[in-house]
Structures are given as C-alpha cells and as structure tokens.
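Descriptive analysis of the structure
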Amino acid sequence: MLLQGTPTSVQVGQVTAVAWPRQLDLAVQLAQQADRPQEWPGLGRVAPGPLRLVLVPDGRRLDSLTLGRAPRWGAAVALPDLRTIVLRADAGDLSRTLRHELAHLALHQRVPGRVPLWFDEITENG
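Source: prediction; values computed, not measured.

Focus: helix α1 (residues 24-34)
An α-helical turn contains 3.6 residues, so a residue and the one three or four places further along point in the same direction. Within α1, the full set of buried residues consists of L24, A27, L30, A31, Q33 and A34. Mapping the buried residues of α1 onto a view down its axis gives an arc of 165°, with all of them on the same face. In this structure, α1 carries D25 and Q29 as exposed residues pointing more than 90 degrees from its buried face.

Description of the confidence of the model for the chain
Caution is warranted with low-pLDDT regions, since their predicted coordinates should not be read in detail. This prediction gives the chain a mean pLDDT of 84; 85% of its residues lie at or above 70. Looking at the elements of the chain, mean pLDDT is at its lowest for helix α2 (residues 59-65), recorded as 84, and at its highest for strand β2 (residues 15-19), recorded as 97.

Some remarks on the sheet that holds strand β5 (residues 51-56)
In spatial order, the strands read β1-β2-β5-β7-β6; together these five strands make up an open sheet with mixed pairing. Here the strands that pair on one side only, and so sit at the sheet edges, are β1 (8-12) and β6 (76-79). Each adjacent strand pair in this sheet contributes to an overall mean axis angle of 15°, direction not counted. For β2 and β5, the ladder comprises five bridges, and the chain directions are parallel. In the strand pairing of β5, A19 is matched with L55. The strands touched by helix α3 (residues 94-110) within the sheet are β5, β6 and β7 (84-88), with β7 carrying the most contacts at an inclination of about 155°.

Notes on the side chain of Q23
Relative to the assigned elements, Q23 resides in the loop between β2 and α1. Every residue in contact with Q23, bar those within four places of it in the chain, is listed here: L55, P57 and A89.

A look at the nonpolar core
Counting 27 residues, the largest nonpolar core has L30, L53, I85, L87, L98 and L102 as the members making the most contacts within it. Only β2, α1, β5, β6, β7 and α3 provide two or more residues apiece to this core. It is α3 that provides the largest number of residues to this core, a total of six residues. Excluding its chain neighbours within four sequence positions, the residues that come into contact with L30 are L53, L55, L87, L94, S95 and L98. Among the nonpolar cores identified, the runner-up in size contains eight residues, and W20, V54, V56 and V77 belong to it.

What counts and what doesn't
By convention here, each chain's residues receive numbers from 1 onward along its written sequence. Confidence filtering applies because this is a predicted model: local features only for residues at pLDDT of at least 70, side-chain atom pairs given and counted only at 80 or more, and all residues used for totals across whole chains, interfaces and linings. The basis for every side-chain value is the complete set of heavy atoms in the structure, and neither hydrogens nor water enter the calculation. Burial classes: relative accessible area under 20% of the type maximum marks a residue as buried, over 50% as exposed, and values in between as partly exposed (1.4 Å probe, protein chains only). What counts as a helix is a DSSP run of H or I of at least four residues, what counts as a strand is a run of E of at least two, and both are numbered from the N terminus. To obtain the arc, one takes the directions from the helix axis to the C-beta atoms. Scored from 0 to 100, pLDDT reflects the predictor's confidence in each residue. Two strands are said to pair when DSSP picks up at least two bridges between them. Angular values range over 0 to 180 degrees, each being the angle between N-to-C directions of two axes fitted as lines to C-alpha atoms, with helices fitted over their stretch in contact. In what follows, a contact means two residues having at least one pair of non-hydrogen atoms within 4.5 Å. What makes a nonpolar core is a set of buried Ala, Val, Leu, Ile, Met, Phe, Trp, Tyr and Cys residues whose side-chain atoms join them at distances within 4.5 Å.

What follows is the structure, given as structure tokens:
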C-alpha cells in the first residue's frame with residue numbers, strides 16, 4: 001500500500017494524535033475519546049494524562065513501528081512506558097480497541113511497581 005504524504009500530529013487536549021493524511025480526521029476523533037477520564041473496574045476513574053495516539057493504516061505499518069514485537073493478530077499495542085498507543089485504522093471497532101489499549105495505560109498508571117506480565121500482550125520475541 002502506498003501512503004500519500006507523511007504523518008502529521010494534532011494536539012487534542014492531552015493527547016497527541018499522529019496519523020497519515022487519509023486517517024487524520026479519524027485520529028482526531030479517537031484522540032477526543034482517549035482524552036476523557038474513564039471508569040475502570042478495580043481502578044476507579046482514571047484521567048488518561050498526556051499520551052500519544054498513533055493511527056497507522058494497516059498491519060504492515062504497525063509491525064514496522066513496533067519492530068515486529070506486536071502480536072500478528074494485533075489490532076493495536078499500548079506502550080505504557082512511552083505513554084503511546086499504536087492503533088490500526090483497518091482493524092474493526094476502533095473505539096473498542098482503543099478502550100482496551102487505554103486500559104493497559106490506566107493499569108500501569110495506577111499500579112505501583114511492575115504490572116504482571118500477563119497484563120501486557122507485547123513481548124520481547126514477538
């Protein structure tokens with residue numbers, strides 16, 4: 001897939017949305033969702049704080065940006081230490097997928113120390 005243009009970033013509250021021109025409007029909509037505090041079971045209400053939301057066009061770009069560490073079946077990845085979510089634009093219910101990835105960030109934000117490995121889907125070996 002040939003991409004037209006280069007990624008652009010837009011600030012939406014505390015969320016920096018990054019996307020290629022064709023997906024920029026969608027990235028802004030998702031950033032608006034990500035910028036709102038949400039209720040999480042066992043964690044309560046968590047404000048997202050500053051984060052970067054990168055909307056990529058497809059699995060190939062997700063794989064390249066995560067250096068092959070994202071699961072093959074993955075629609076997105078959360079990188080809590082970087083306060084970054086990388087989300088595929090071609091992956092079904094983006095709102096639901098974004099909420100799932102935001103849960104990873106909320107968990108890391110609220111739980112002191114290391115989060116159990118089984119809460120994180122990205123691995124060192126892919």
